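The chain contents come next:
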Amino acid sequence: MDYQWYPGHMTKAIRQMKEDIKLIDIVIELVDARIPNSSRNPDIDSLANNKSRLVILNKSDLADSDKTKEWMEYFKEKGFYVIAIDSRKKNSIKEVSKIIEKACEKKRERDRKRGIKNRPIRAMVVGIPNVGKSTFINSYAGKAATKTGNKPGVTKGKQWIRLNKSIELLDTPGILWPKFEDRQVGFNLACIGSMNDNILDNSEIAVGIIEYIRGNYEGLINKRYEVDESKDINDIVTEIANKRNCIKKGQEIDYNKVYNLIIDEFRSGTIGRITLE
């Protein structure tokens, strides 16, 4: 299938972000640690040109830790500050404030020379849908400052959140870009739930997940579902359906149910810690 999803509100959001960037000292970009490249909106680099940059590899608890270390080195080499976190755990984001302060040292020094005291650092939090921006902000702020949800498109407009006297955050809606040039990028985004599931073919996603895992994480499918992962992919899906009672009346396989089961268990990390790129 052709993986594309670009609702109208995203055009409005990117236009607003171009206006707001003038007020910003640092851009905090959240990506999904399982697809650190595919979950980066290419428009952000041009939007955030000449700004301090922090890349947060979120949901690192769901990703392959060795791969995450490699991706952190990759972003550091590109000149970004970088950290890997699970934003649901407050103790994992304690270092974020320190990194922001370090990244904005020159800005603080410029303010001091101009006689400007105690102006808070203004940070714009950006990212594609469903990378956990709202959960990150709520954990960081220590309160339910934004709406959260496990589906894309929960945050529709901008909102400022004052963390303390030193830092203010500007939350922004999750935005994709109009066309995915690489079909694999679209597939990866579909796997983590950054597109509307209602427009996707769940059979293609589930089968693709199984094929990737057995090709790159040998034994995980067998361990989770107690099936022979060397079999034909359709036989594997059928075995999983039987093991997990994805059966309709009349003993017919409920393929829709088993496909959704596989997708959900990948997204939740139940199958294992898996990085797709």
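Everything below is about the structure shown above.
Every chain's residues receive numbers from 1 upward, in the order its sequence appears when written. Reporting in this predicted model follows two pLDDT cut-offs: at least 70 for local features of residues, and 80 or more for side-chain atom pairs to be given and counted; totals over whole chains, interfaces and linings ignore these cut-offs and use all residues. Side-chain metrics in this entry use all non-hydrogen atoms of the structure; hydrogen atoms and water are not considered.

Re the overall build of the chain
We apply this condition: Runs of H or I in DSSP of at least four residues are treated as helices and runs of E of at least two as strands, each being numbered from the N terminus. Residue exposure (1.4 Å probe, protein chains only): buried if accessible area is under 20% of the type maximum, exposed if over 50%, otherwise partly exposed. In this description, contact between two residues means that some pair of their heavy atoms is separated by no more than 4.5 Å. The protein chains shown are the only cover counted for residues, whose accessible areas, like all others here, come from Shrake-Rupley with a 1.4 Å probe.
Along its length, the chain carries eleven helices and six strands. Taken across its 277 residues, the chain has 51% of its residues classed as buried. Look at the contacts in the chain between residues 6 or more apart in sequence, and 65% of them connect residues 24 or more apart. Total accessible area on the chain is roughly 13900 Å²; 44% of this is exposed by carbon and sulfur atoms.

Some remarks on helix H8 (residues 202-216)
Let me state the cut-off plainly: In a helix, the anticipated span is given by 1.5 Å times the number of residues less one.
For H8, with 15 residues, the first-to-last C-alpha span of 21 Å sits near the 21 Å given by 1.5 Å per residue. Among the residues of H8, those classed as buried are Asn 202, Ile 205, Ala 206, Val 207, Gly 208, Ile 209, Ile 210 and Ile 213.

A few points about the packing of aromatic side chains
This is how the line gets drawn: Each aromatic pair joins two rings of Phe, Tyr and Trp (for Trp, the six-membered one) with centres within 6.5 Å, and gets the label stacked for planes under 30 degrees apart, edge-to-face for over 60, and tilted for any other angle.
As enumerated under the stated definition, the model contains seven aromatic pairs in all. Plain terms: the ring middles of Tyr 74 and Phe 75 are 5.2 Å apart, the flat faces sit at 70° to each other, and that makes the pair edge-to-face. With relative accessibility at 33%, the residue Tyr 74 sits in the partly exposed group. Given a relative accessible area of 0%, Phe 75 falls into the buried group. Judged by centre distance (6.3 Å) and plane angle (40°), the ring pair of Phe 75 and Phe 80 falls under tilted.

Considerations on the sheet that holds strand S1 (residues 26-32)
Basically, it comes down to this: In this description, strands pair whenever DSSP reports at least two bridges between them. In this analysis an axis means a line fitted to C-alpha atoms, helices contributing only their contacting stretch, and an angle means the value between N-to-C directions, from 0 to 180 degrees.
Spatially, S3-S2-S1-S4-S6-S5 is the arrangement adopted by the six strands of the open sheet, whose pairing is mixed. Across the chains shown, the open sheet's two edge strands, defined by having one partner strand only, are strand S3 (81-84) and strand S5 (159-162). Neighbour-to-neighbour, the strand axes of this sheet turn through a mean angle of 25°, independent of strand direction. Where S1 lies against strand S4 (residues 121-126), four bridges are found, and the strand directions are parallel. Paired with Glu 29 across the strands is Val 126, a residue of S4.

Some details on the packing of helix H10 (residues 233-243) against helix H11 (residues 255-267)
The relative placement of two packed helices comes down to the angle between their axes together with the axis-to-axis distance. So the rule is basically this: The labels follow the angle: roughly parallel below 35 degrees, roughly antiparallel above 145, roughly perpendicular from 65 to 115, and oblique for the rest. The residue classification treats Ala, Val, Leu, Ile, Met, Phe, Trp, Tyr, Cys and Pro as nonpolar and Asp, Glu, Lys and Arg as charged. All others, Gly included, are polar.
Two elements in contact, H10 and H11, have axes whose closest approach is 10 Å; the angle formed by their N-to-C orientations is 95°. Here H10 is positioned roughly perpendicular relative to H11, judged by the angle of their axes. When H10 is examined against H11, the residues Val 237, Thr 238, Ile 240 and Ala 241 are found in contact with a partner set consisting of Tyr 255, Val 258, Tyr 259, Leu 261 and Ile 262. Its residues assigned to classes, the contact of H10 with H11 comprises eight nonpolar, one polar and no charged.

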